[in-house]
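Coordinates in review
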Amino acid sequence: MNTYEKIYEAVKQIPKGRVATYKQVAALAGNPGWARAVGNALHKNPDPENIPCYRVVNREGRPAPAFAFGGEGVQRALLEKDGIEFDEKGRVVMSKYCMTAR
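A few points on the structure. (Residues numbered from 1 in each chain as written. Predicted model: local features only at pLDDT ≥ 70, side-chain atom pairs only at ≥ 80, totals over all residues. Heavy atoms only, no water.)

As a further point, take the packing of helix H1 (residues 3–11) against helix H3 (residues 35–43). With their axes 10 Å apart at the nearest point, H1 and H3 run at an angle of 85° to one another. Regarding the angle of H1 to H3, the classification is roughly perpendicular. Each of Thr3, Tyr4, Ile7, Tyr8 and Val11 in H1 lies in contact with H3, whose residues at this interface are Ala37, Val38, Asn40, Ala41 and Leu42. Residue composition of the contact of H1 with H3, by class: eight nonpolar, two polar and no charged. (Axes fitted to C-alpha atoms, helices over the stretch in contact; angles between N-to-C directions. Helix = DSSP H or I, 4+ residues; strand = E, 2+ residues; numbered from the N terminus. Parallel < 35°, antiparallel > 145°, perpendicular 65-115°, else oblique. Contact = heavy atoms within 4.5 Å. Nonpolar A, V, L, I, M, F, W, Y, C, P; charged D, E, K, R; others polar.)

Let's shift gears to the nonpolar core. In terms of nonpolar packing, the biggest core is built from 28 residues, with Ile7, Val11, Val19, Val25, Leu79, Ile84 and Val92 touching the most fellow members. Counting only elements with at least two residues in this core, the list comes to H1, helix H2 (22–28), H3, strand E2 (56–57) and helix H5 (94–97). Element by element, the count of residues in this core is highest for H1, at four residues. Excluding its chain neighbours within four sequence positions, the residues that come into contact with Leu79 are Val19, Tyr54, Arg55, Val57, Ile84, Phe86 and Val92. (Core = buried A, V, L, I, M, F, W, Y, C linked by side-chain atoms within 4.5 Å. Buried < 20%, exposed > 50% of the residue type's maximum accessible area, 1.4 Å probe, protein only.)

Moving on, we get to the pattern of salt bridges. Inspection of every chain in the model, using the stated rule, returns six salt bridges. The partner of Glu9 in a salt bridge is Lys12, and the shortest N-O contact between them spans 3.1 Å. Between Lys96 and Glu85 there is a salt bridge whose closest N-O contact spans 2.8 Å. Taken together, the residues span a long stretch of sequence, with Lys96 in helix H5 and Glu85 in the loop between helix H4 (72–81) and H5 at a distance of 11 residues. A residue is classified by how much of its surface remains accessible, and Lys96, at 40% relative accessible area, is partly exposed. (Salt bridge = Lys/Arg side-chain N within 4 Å of Asp/Glu carboxyl O.)

The next thing to look at is the layout of surface pockets. If you add up the space inside the largest pocket, you get close to 240 Å³. Lining the largest pocket are 16 residues, and of these Tyr22, Gly39, Ala64, Ala66 and Phe67 sit closest to its centre. At three residues, the largest contribution of residues to the lining of the largest pocket is made by H3. Considering only residue class, the lining of the largest pocket consists of 11 nonpolar, four polar and one charged. By volume, the second largest pocket is sized at about 190 Å³. Together, Lys16, Pro48, Ile51, Pro52, Cys53, Tyr54, Phe67, Phe69, Leu78, Lys81 and Asp82 line the second largest pocket. (1 Å grid on protein atoms, 1.4 Å probe; cavity = no way out; pocket = protein on both sides within 12 Å on 5 of 7 lines; lining within 4 Å. Points joined across faces, edges and corners; volume = space filled by probe spheres on them.)

Quick look at the structure:
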């Protein structure tokens, strides 16, 4: 399995109603140093219907400003559809929705 395939498999593990950071996805894929590779892989996501790349946000809980599948507004809308809440600064409430939080 190549790096991108490992990343896509890790992203598939993020349940509906939760988010993960690029670093968390990199760690799930087997290498915590792959955070940049995660961003590249998600930008090239071959199957957005089954690989929920919109559930990956930066460490501050911000959606990607250049979300590959419609921009930041689309990513936020998809997260809100999953039940994710944002704070007044437009960040995901990480203490509530991050995979390792709770």
